[in-house]
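Residue-level listing of the chains:
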Amino acid sequence: MSNPVVSYEIIDSIGVITVNNPPVNALSQALRDGIQKAVTAAQSDASEALVLICAGRTFIAGADITEFGKPPMSPSLSDILVSIENSKKLIVAAIHGTALGGGFETSLACHYRCAIASAKVGLPEVKLGILPGAGGTQRVPRIAGVKAALELITTGNPISAAEAADMNLIDEIIEGDLKSGAIQYAKDLVDSGAPLKRIRDITINASSIEPGFFESYRKKLAQRARGQIAPDRIVSCVEAAVKLPMDQGLKLERDLFMECVQSSQSRAMRHVFFAEREAAKIKDLPANMPVRDIKRVAIIGGGTMGGGIAMCFANVGIPVTMLEINDEALERGLGIIRKNYSITVQKGKMTEAEMAERLTFINGTTQYKDLADVDLVIEAVFENPDIKAEVFGKLDAVCKPGAILASNTSYQNIDNIAAATKRPQDVLGMHFFSPANVMKLLEVVRGAKTSDDVLATAMQIGKKIGKVCALSRVCYGFIGNRMLGGYGRQAHMLLLDGASPAQIDAAAEEFGMAMGPIAMSDLAGLDVGYKARQAREAAGEKMDPRAHCIASALVEMGRLGQKSGAGYYKYDPQTRARVPDPEVDALIKAHAEKLGIKRREIGAEEIVARLMYPLINEGALILEEGIAQRPGDIDIVYVYGYAFPSAKGGPMFYADEVGLKNVYDAICKFRDQHGADIWKPAPLLERLAKEGSTFAAWGAAQE
Ligand code: 3HC
Ligand code: NAI
């Protein structure tokens, strides 16, 4: 047969169908067609059984996401799976790399599955706002059980071959070469007269599911789904797998898949998928830019951020040396790392042995001379320019030539930091988010003199430690924190204008933010902003009281937020639940009166607009100034650094969905109400709104 991406040969009486569609063997039309034809032809050739295997780095990693939303092209994946399942010759899937989504579903239609130990399988569709649409919701519960299936499909997280084998999803782990091992396995199955195992023929014992199980699962999911529809629809499909015959279950799955794939949520999440991969690319650098080898890392400062960053490297087996000012501070920093790992062990997410192994990668020092041999240093000392300059001067003196010197600063100018060294080409920002071992975002900050290979190395090491990277140029707060300024200011002004803390947080959380801005301030600590304002005022900056007067008053009352038991809210000492406080309501009223603000009822729609539009407006400025490379990069910063709902795609994608004219008109209205010093439409937003264009179209034109 001749097909560009699927080949067929008979080896040792076994028909081997090989898929080769780089980079990830996504199920394109040509691939589907090739498999279909190979399976059909094999029915009448000399083969005794078939093996489905992939060339390249992975088994089929899923449907081709670029085809979603386009007219369907036959054969459909479902058609192929019917042919595979109904084959009169036994078919074995041979898995390496990642069998994901439609790829894993293809393997589930085969009669047996074998895999090498390093392989992973999973159904990540929920992360794209959809559900497995090729039988995954029907076959996994039939073979692995309802609870395991729900866990696998609603989290979307892949599992190892060993875990999959424990769940009956994999029949055989192959040692050594996969192709010869799979052929041998197929022959053994034929020789032993193994049946054509069709998962569709399994019936789930409905009485094994306790009454009300699905309803309570739905409720539990709704709490963490932040308004997403796919998790709920997945439960419906799995419920159908228990209650309905296979074909009816498949029909429901198909209908709900179509509902999800056409939703704005899935459009947004697919945008995030591709934007994440784009953001890792630096526009003016070739993809194959040589990078520096990073074998040893040093972290300066073992506080909140330093400890978390050290864990990121230890987690992937890169040795880290943490430097602190004295033994006591060092012991405290190392102690926090140990405690963090212990919590993970207590939660059952890591074994004692794994924890012990990770800790062997972290050691401490108080001596700069111990850093002479490291390849990368990340500074995370106090946010003070003089201390940072002193640290970089010392690093310049001891670190070997070619070592990369990065700062985790939130706001300081990277070029000034670089100027404290004689090697500004080796200096850049690597801005992690708190908690650094958990949050996925890494802003890579390009100084005026940062060399290209240093940037490429930072992007690569970021990916290696599991971060999603986005590039920013130097400005106050870089992409993320710079945009946050207007968001926080509006939250505060909304209080003065009449909304309560609980109303503001509820509106933001209903929108999909993980936590509303007021609760977030309480969590971060109101004293942090207070101190920053004091420093700015001391430097002569005049601040608008509308942006901070209540926050400042709370700090002066000793209400620093969660850490002091009260801030905007009071906190239940046991559950940490937020409790609205009439004392704060009175404080807000008093300040509004003092400022001559007439308070009024404010609806959720206005709250959301006033919180989100400053992000969009600042984002437009950031694009125009070239601080961010693309609108999608800004979305990535917000989704992964600030828990912006991925189902809304990030602030710039959301702006396009709302319509730039609508955003622009609303900003003009707010400007007329609150003043041009607070609301000033960005020129790029104004231009695109007037042209009827979008950020996406503008971004594409810049590529
Ligand atoms: N469709 C189209 N393109 C895809 C793709 C897919 N399913 N998966 C990856 N790609 C592209 C990426 O966009 C990237 O393109 P680029 O080089 O132009 O930027 C390239 O393939 C390589 O991808 P990564 O950079 O992500 O490569 P990694 O090696 O880091 O990761 C991976 C490989 C784990 C397979 C990762 O790409 C991945 O998670 N892919 C998506 C898997 C997925 O979501 N599958 C389910 C799809 S939905 C489905 O199957 C529906 C079904 O139920 C009907
Ligand atoms: P922190 O106060 O928790 O820790 C700072 C640590 O640096 C302390 O342990 C201190 O002993 C140590 N240190 C101070 N001077 C030092 C020196 N000269 N040499 C070695 N160690 C020294 O501070 P945090 O929160 O970890 O912040 C560190 C940096 O990370 C700051 O630049 C901050 O802006 C930035 N950052 C902070 C985030 C956060 O949420 N806390 C988020 C992202 C960046």
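The structure this text deals with has already been given above.
The rules behind the values
Residues numbered from 1 in each chain as written. Chains lettered and ligands numbered in written order. Predicted model: local features only at pLDDT ≥ 70, side-chain atom pairs only at ≥ 80, totals over all residues. Heavy atoms only, no water. Buried < 20%, exposed > 50% of the residue type's maximum accessible area, 1.4 Å probe, protein only. Helix = DSSP H or I, 4+ residues; strand = E, 2+ residues; numbered from the N terminus. Pairing = 2+ DSSP bridges. Right-handed = clockwise from strand over helix to strand, strands pointing away. Near = heavy atom within 4 Å. Polar contact = N/O pair within 3.5 Å; in protein donor to acceptor, adjacent residues only side chain to side chain. Areas by Shrake-Rupley, 256 points an atom, 1.4 Å probe, with all protein chains shown as cover. Contact = heavy atoms within 4.5 Å. Expected span 1.5 Å × (residues − 1). Disulfide = S-S within 2.5 Å. Axes fitted to C-alpha atoms, helices over the stretch in contact; angles between N-to-C directions. Nonpolar A, V, L, I, M, F, W, Y, C, P; charged D, E, K, R; others polar. Salt bridge = Lys/Arg side-chain N within 4 Å of Asp/Glu carboxyl O. Parallel < 35°, antiparallel > 145°, perpendicular 65-115°, else oblique. Phe/Tyr/Trp six-rings, centres within 6.5 Å; stacked < 30°, edge-to-face > 60°. Lys NZ or Arg CZ within 6 Å of the ring centre and 35° of its normal.

J.: Sorry, what's going on with the pairing of strand β11 (residues 320–323) here?
T.: A regular strand places its side chains on the two faces of the sheet in alternate fashion. Burial along β11 is two-sided: the face carrying Val320 and Met322 and the face carrying Thr321 and Leu323 are both buried. Taken together, the four bridges between strand β10 (residues 297–300) and β11 define a ladder with parallel strand orientation. Looking at β11, one finds that Ile299 is bridged to Met322. Handedness of the β10-helix α12 (residues 304–315)-β11 crossover: right-handed. Relative to strand β12 (residues 362–365), β11 runs parallel, the two sharing four bridges. Bridging from a neighbouring strand, Leu323 pairs with Thr365 of β12.

J.: Explain the environment of Met322 here, please?
T.: Examined against the element boundaries, Met322 turns out to sit in strand β11. Sequence separation of Met322 and Gln367 is 45 residues, and the distance between their C-alpha atoms is 10.0 Å.

J.: Could you clarify how one ought to interpret the site of ligand 2 in this entry?
T.: Every one of the 23 residues lining ligand 2 counts as a neighbour, but Met305, Glu324, Glu383, Lys388 and Ser410 are closest to it. Separating an oxygen atom of ligand 2 from a backbone N or O atom of Thr304 is a distance of 2.9 Å. The separation between an oxygen atom of ligand 2 and a polar main-chain atom of Met305 is 2.8 Å. Considering ligand 2 on its own, with 840 Å² of exposed area, one finds that the protein chains cover 80% of that surface. Elements that contribute at least two residues to the shell around ligand 2 include exactly α12, α15 (385–398) and β15 (427–432).

J.: Got a minute to help me understand the environment of Asn25 in this structure?
T.: Mapped onto the fold, Asn25 is located in the loop between β2 (14–19) and α1 (29–42). Separated by 38 residues in the primary sequence, Asn25 and Ala63 have C-alpha atoms spaced 9.0 Å apart. Setting aside chain neighbours within four positions, we find Asn25 in contact with Val19, Asn20, Leu31, Cys54, Ala55, Thr58, Phe59, Ile60, Ala61 and Gly62. A polar side-chain atom of Asn25 sits 2.5 Å from the main-chain amide nitrogen of Asn21. At a separation of 2.9 Å, a polar atom in the side chain of Asn25 contacts the main-chain carbonyl oxygen of Ala55.

J.: It is not clear to me how helix α7 (residues 178–191) should be interpreted in this structure. Could you clarify?
T.: Structural remark: α-helix, 3.6 residues per turn; residues separated by three or four positions point the same way. Taking 1.5 Å of rise per residue, the 14 residues of α7 would be expected to cover 20 Å, and the 20 Å separating its terminal C-alpha atoms lies within 8% of that figure. What α7 keeps buried is the set Leu178, Gly181, Ala182, Ile183, Tyr185, Ala186, Lys187 and Leu189. One or two steps after α7, the chain reaches Gly193, where phi turns positive at roughly 70°.

J.: What am I meant to see in the state of the cysteines here?
T.: One covalent bond between the sulfur atoms of two cysteine residues makes up a disulfide. Scanning all chains against the criterion turns up zero disulfides. Free cysteine: Cys110, not disulfide-bonded; nearest cysteine sulfur from Cys114 at 9.8 Å.

J.: When you look at the sheet that holds strand β3 (residues 49–54) in this model, what are you seeing that I'm missing?
T.: The strands making up a sheet associate through backbone hydrogen bonding, with each pair oriented either parallel or antiparallel. Here we have six strands laid out as an open sheet, ordered β1-β2-β3-β4-β6-β9, and mixed in their pairing. Two strands bound the open sheet, and with one partner strand each, they are β1 (6–11) and β9 (172–174). Going across the sheet, the axis of each strand differs from the next one's by a mean of 25°, ignoring polarity. Relative to β1, α1 is tilted by about 25°, and along the sheet it contacts β1, β2, β3 and β4 (90–95).

J.: Sorry if this is basic, but what is going on with the sheet that holds strand β14 (residues 404–407) here?
T.: With mixed pairing, the eight strands of this open sheet are ordered in space as β12-β11-β10-β13-β14-β15-β16-β17. Either end of the sheet is taken by a strand with one partner, and the two such strands are β12 and β17 (468–473). Mean inter-strand twist for the sheet, computed between neighbouring axes without regard to direction, equals 25°.

J.: Help me understand the site of ligand 1, please; the structure alone is not making it clear to me.
T.: Inspection of the region around ligand 1 gives 26 residues, with Arg57, Glu105, Glu125, Arg277 and Lys281 positioned closest. Between ligand 1 and Arg57, the relevant distance is 2.7 Å, taken from an oxygen atom to a side-chain nitrogen or oxygen of the residue. At a separation of 2.6 Å, an oxygen atom of ligand 1 approaches a polar side-chain atom of Glu125. Out of a free accessible area of 990 Å², ligand 1 has 76% covered by protein chains. Take the shell around ligand 1: its biggest share by element is three residues, from helix α11 (residues 264–279). For the shell around ligand 1, the residue count by class is 14 nonpolar, five polar and seven charged.

J.: How should the pattern of salt bridges be read in this particular structure?
T.: Two side chains bearing opposite charge may form a pair once their charged atoms approach each other closely. Inspection of every chain in the model, using the stated rule, returns 58 salt bridges. A salt bridge links Arg200 to Asp247; the shortest N-O distance between them is 3.3 Å. One end of the pair, Arg200, is in the loop between α7 and α8 (213–225); the other, Asp247, is in helix α10 (residues 246–261), with 47 residues separating them in the sequence. As a salt-bridge pair, Lys388 and Glu383 come within 3.6 Å of each other at their nearest N and O atoms. You can call Lys388 buried: its relative accessible area is 1%.

J.: How should I be thinking about the pairing of strand β16 (residues 441–446) in this particular structure?
T.: Counting buried residues in β16 gives six out of six residues, a clear majority hidden from the surface. Judged from the four bridges that link them, β15 and β16 form a sheet pairing that is antiparallel. Among the inter-strand pairings, Phe432 is bridged to a residue of β16, identified as Leu442. Bridge count for β16 against β17 is six bridges, and the pairing is parallel. By the bridge assignment, Glu443 is partnered in β17 with Ala470.

J.: Got a minute to help me understand helix α17 (residues 452–464) in this structure?
T.: Taking 1.5 Å per residue as the helical rise, α17 with its 13 residues ought to reach 18 Å, and the 18 Å between its terminal C-alpha atoms agrees with that figure. The set of residues buried in α17 consists of Val454, Leu455, Ala456, Thr457, Ala458, Met459, Ile461 and Gly462. Of the residues trailing α17, Gly466 is marked for its positive phi of about 85°.

J.: Teacher, can you tell me more about the packing of helix α18 (residues 478–497) against helix α25 (residues 631–641) here?
T.: Packed helices, taken two at a time, are described by their axes: the angle between them and the distance between them. The N-to-C vectors of α18 and α25 enclose an angle of 75°; their axes lie 9 Å apart at closest approach. In this view, α18 runs roughly perpendicular relative to α25, as classed from their interaxial angle. Contacts between α18 and α25 pair Ile479, Gly480, Met483 and Leu484 from the former with Ile634, Val637 and Tyr638 from the latter. Within the contact of α18 with α25, the residues separate by chemical class into six nonpolar, one polar and no charged.

J.: What's the story with the packing of aromatic side chains in this structure? I'm lost.
T.: Inspection of every chain in the model, using the stated rule, returns twelve aromatic pairs. Measuring from centroid to centroid gives 5.7 Å for Phe213 and Tyr217, while their planes differ by 45°, and the two rings are tilted. With a gap of four residues between them, Phe213 and Tyr217 both fall in helix α8, about one helical turn apart. With respect to burial, Phe213 and Tyr217 carry one shared label: buried. What links up through ring pairs into an aromatic cluster is the set Phe213, Phe214 and Tyr217. The ring centre of Phe273 lies 3.7 Å from the NZ or CZ of Arg277, which sits over that ring. Here the guanidinium or amino end of Lys648 rests over the ring plane of Phe511, the centre of that ring lying 4.5 Å away.

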